[in-house]
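# Structure at a glance
Below are the chains, spelled out letter by letter.
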Amino acid sequence: MITFNEQNKIFTIHTKNSTYQMKVDKYGFLLHLYYGGRTEGNMDYLLVCLDRGFSGNPYDAGNDRAYSLDVLPQEFPCRGNGDFRSPAIDVRYENGSYGCDLRYEKHFIKKGKYSIEGLPAVYADEALGETLEIVLLDKTCGMEVRLLYGVLPELDIITRSVKVKNSGSEKIYIEKLQSACLDFVSGEYDLITFYGRHAMERNMQRIRVSHTSQQIGSRRGMSSHQYNPLMLLAEKAANEDSGSCYAMSLVYSGSFLGEAECDSVNQTRIQLGLSDEQFSYPLAEGEFIYAPEVIISYSGNGLSSLSGNLHKCIRKHICRGKYRDGLRPLLVNSWEAAYFNFNGETIVKLAEEAAELGVDMLVMDDGWFGKRDDDNSGLGDWYVNEKKLGCTLNELITRVNNKGLKFGIWIEPEMVNEDSDLYREHSDWALSFPNRKPVRARNQLVLDFSRKDVVDYIYDQICSVLNQGNIEYVKWDFNRSISDVFSHGDKHQGKVMYDYILGLYDFLERLNNSYPDILIEGCSGGGGRFDAGMLYYTPQIWCSDNTDAVDRTRIQYGTSFGYPVCASASHVSAAPNHQTSRSTPLHTRGVVAMAGSFGYELDFGKMSCEEKNEVKNQIKAYRRYEKLIHEGDYYRLSNPFEDMVAAWEIVSEDKSRVLTSAVLLEIHGNMPVIYIKFKGLCPDAFYRNEEDGMVYSGAALMEAGIPIVSDMKEYQAWQFYFEKV
Ligand code: GLA
């Protein structure tokens with residue numbers, strides 16, 4: 001619920017369990033008052049003004065040296081008004097000067113959640129969402145800053161975005177634009193972020209917010225493997241099950257910046273939004289730019305419930321289309337089965353074997369188009385290599401369909417190889433600096449998606465492929481970072497990084513609209529663009545190029561802090577694993593891949609009869625649990641970076657079905673017994689273990705747990721399924 005108290009000019013946002021408050025002060029500045037557990041009444045008593053020395057005072061404050069924006073908590077801090085902390089917005093003028101002065105102008109409260117033209121955003125109808133729009137104005141330059149707040153009270157979710165419009169006549173340049181700032185007047189916090197690398201994404205890091213400026217981000221034109229655009233702030237004592245914590249999840253797939261700082265008087269500021277590097281966005285009169293949306297949440301009950309809030313929001317209010325609620329096809333992907341080394345027969349053979357095992361879909365990965373027998377050429381030439389396939393695409397799809405399988409295909413629309421017809425014809429369509437040799441990565445360059453003509457051309461090429469037959473799934477890949485940020489089109493170079501992402505989203509939006517029945521899976525060398533922005537267009541994302549079950553427990557653990565299980569595509573691959581050379585049991589690989597949108601990525605032809613039977617059973621098991629896995633509440637039961645076992649649990653919303661999985665990560669002589677404690681059950685209810693019929697009280701499962709005993713086999717896994725009796 002959103003209210004505005006006319007008398008004391010206080011805005012209050014209540015969600016089920018949280019309160020967010022801000023105030024227009026006597027000078028028209030918008031001060032932040034409070035965000036945390038639900039409270040009633042006015043929180044402006046928290047503001048304490050003291051003369052801090054060397055903190056600027058706005059002119060309006062006259063002789064009041066105690067009034068300084070340098071130490072007051074602010075809703076949307078800018079440079080130039082006396083606040084020397086990191087600003088959320090920075091503006092430059094033609095004369096080279098910086099700064100602005102934002103004062104409250106007006107506001108609107110509306111039913112339903114706002115949307116943002118051209119950018120992904122949380123959606124909610126009038127019954128579930130509300131909008132607050134606060135307009136701030138710089139009267140001197142005419143810049144209007146519209147702060148947007150979306151509220152989903154039941155989910156404890158608040159979203160924020162910002163529209164900056166130049167209503168003046170002089171051109172301005174937006175040099176920095178954060179989506180949201182959270183100022184805390186007190187408290188000691190830890191910052192939790194997720195760092196990584198290709199094939200080892202989203203490792204968790206928890207550090208104290210200290211008296212230094214701490215930053216995460218990406219300058220790669222993609223959200224990146226290196227830092228996920230997700231920041232959690234937790235009270236020092238907060239853990240999985242208790243304590244106050246906050247989340248900020250950016251709904252954006254490009255370069256970003258996350259900042260945290262404890263200031264000189266022990267106040268904390270965190271911000272998340274656009275990267276300010278290679279960014280200088282010109283706005284002529286009447287022009288505007290939106291900061292991407294950030295999803296914010298608060299939990300007073302620890303990180304589990306904070307993740308739960310994000311999961312529900314992303315599952316029901318970010319993901320869209322037929323597959324938001326519908327079960328996802330169980331697929332086999334040709335990549336680790338054959339890499340580039342296949343023809344039409346190979347694909348049909350794989351489909352035939354997959355059909356016998358109960359798989360729904362075959363995905364033909366990289367290598368089917370242009371001149372593409374390795375990863376050095378062909379990107380950009382989106383015509384089917386019929387010679388390699390030995391038939392037309394339509395014939396191949398028909399043959400796969402006749403085996404009883406759906407058909408999916410891999411694409412990488414944003415890229416071009418120098419060795420391609422497209423590049424030979426339009427080298428200026430690639431991002432590259434004039435008179436310099438481009439930086440190559442995987443021997444490919446990035447197409448200039450900030451240009452509409454480039455996006456339109458590739459869109460038409462891709463559609464002409466999709467129109468060739470019954471294609472029901474597309475894997476959209478992106479396999480390098482953007483380095484040479486220069487557009488040969490007619491545009492200011494400070495716009496390129498942002499406009500690129502608008503071009504990408506425009507393409508994806510059109511694709512979703514034209515092919516509503518196609519499931520699009522996102523991918524960027526695995527999880528290099530695993531963010532809430534992509535999930536708006538692609539309801540699942542290939543979690544990592546690393547399919548090793550042991551590493552995956554850690555990658556999926558990190559991912560689970562911000563993203564629901566159904567968002568992570570997860571496959572069983574061959575042993576020894578192709579990325580790590582580690583061998584894990586087939587059962588373990590199955591258990592781990594079931595913590596995601598499940599599939600296979602191996603050559604069934606190389607499996608023994610015994611293994612094939614095991615696959616059949618895995619598929620049967622997955623089908624039984626699939627709905628529970630995708631729709632249930634997810635709990636982390638251990639920390640696989642520290643504990644001997646990786647354990648997680650999924651409970652149905654009504655708490656009647658529970659699937660708990662565990663993987664032994666270490667083996668030692670004379671192994672201790674490990675006890676796994678459940679979470680989120682009804683303490684008074686009784687639950688039966690499907691396998692041995694044993695019945696336990698919910699309280700016993702949660703308070704004491706169940707023992708798991710190692711058979712002294714490496715990387716053993718367990719899956720326990722309980723139903724309420
Ligand atoms: C990326 C993807 C892989 C595979 C290859 C194909 O690395 O993450 O799954 O599709 O590209 O080139």
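Read on for a plain summary of the structure. Since the model is a prediction, treat every value here as computed from it, not as a measurement.

Once that is clear, we can look at the overall build of the protein chain. The helix and strand tally for the protein chain stands at 14 helices and 37 strands. Compactness check: the protein chain gives a C-alpha radius of gyration of 26 Å against a globular reference of 27 Å for 725 residues, within 12% of the reference. Judged by the C-alpha coordinates and their principal axes, the protein chain covers about 85 × 70 × 45 Å. Counting all 725 residues of the protein chain, 63% fall into the buried class. Taking the intrachain contacts of the protein chain between residues at least 6 apart in sequence as the baseline, contacts between residues at least 24 apart amount to 69%. Charged side chains in the protein chain number 77 positive and 101 negative. The centres of these two groups are separated by 1 Å.

Here we take up the environment of arginine 657. If you trace the backbone, arginine 657 turns up in strand E32 (residues 657-664). Between the alpha carbons of arginine 657 and proline 539 there is a distance of 24 Å; along the sequence they are 118 residues apart. Only 2.7 Å separates the side chain of arginine 657 from the side chain of tyrosine 721, close enough to count as a polar contact.

Bringing a nonpolar patch on the surface into the picture now. A grouping of Val673, Tyr675 and Val709 is seen on the molecular surface, where their side chains present a nonpolar patch of about 300 Å² in accessible area. Residue position: tyrosine 675 is located in strand E33 (residues 674-676). Judged by relative accessible area, which is 52%, tyrosine 675 ranks as exposed.

This structure, assessed with the given rule, holds 41 aromatic pairs. On the numbers, 5.9 Å between centres and 10° between planes, the contact of phenylalanine 449 with phenylalanine 507 is stacked. Taken together, the residues phenylalanine 449 in the loop between strand E24 (444-446) and helix H8 (452-466) and phenylalanine 507 in helix H9 (residues 496-514) connect sequence positions 58 residues apart. Exposure remark for phenylalanine 449: the relative accessible area of 1% places this residue in the buried category. Each ring, one from tyrosine 459 and one from phenylalanine 507, has its centre 5.1 Å from the other, and the planes form 75°; the classification is edge-to-face. A residue pair is termed long-range when its members are at least 10 positions apart, and tyrosine 459 in helix H8 and phenylalanine 507 in helix H9 qualify at 48 residues. Note on phenylalanine 507: relative accessible area 0%, which makes it buried.

The rules behind the values
Residues numbered from 1 in each chain as written. Predicted model: local features only at pLDDT ≥ 70, side-chain atom pairs only at ≥ 80, totals over all residues. Heavy atoms only, no water. Helix = DSSP H or I, 4+ residues; strand = E, 2+ residues; numbered from the N terminus. Rg over C-alpha atoms; globule rule 2.2 N^0.38 Å. Buried < 20%, exposed > 50% of the residue type's maximum accessible area, 1.4 Å probe, protein only. Contact = heavy atoms within 4.5 Å. Lys, Arg positive; Asp, Glu negative; His and termini not counted. Charge placed at Lys NZ, Arg CZ, Asp CG, Glu CD. Polar contact = N/O pair within 3.5 Å; in protein donor to acceptor, adjacent residues only side chain to side chain. Patch = residues over 30% accessible without salt bridge, like charges linked within 9 Å, V, L, I, M, F, W, Y side chains within 5 Å. Areas by Shrake-Rupley, 256 points an atom, 1.4 Å probe, with all protein chains shown as cover. Salt bridge = Lys/Arg side-chain N within 4 Å of Asp/Glu carboxyl O. Phe/Tyr/Trp six-rings, centres within 6.5 Å; stacked < 30°, edge-to-face > 60°.

Scope: geometric values only; no functional claims are made or implied.
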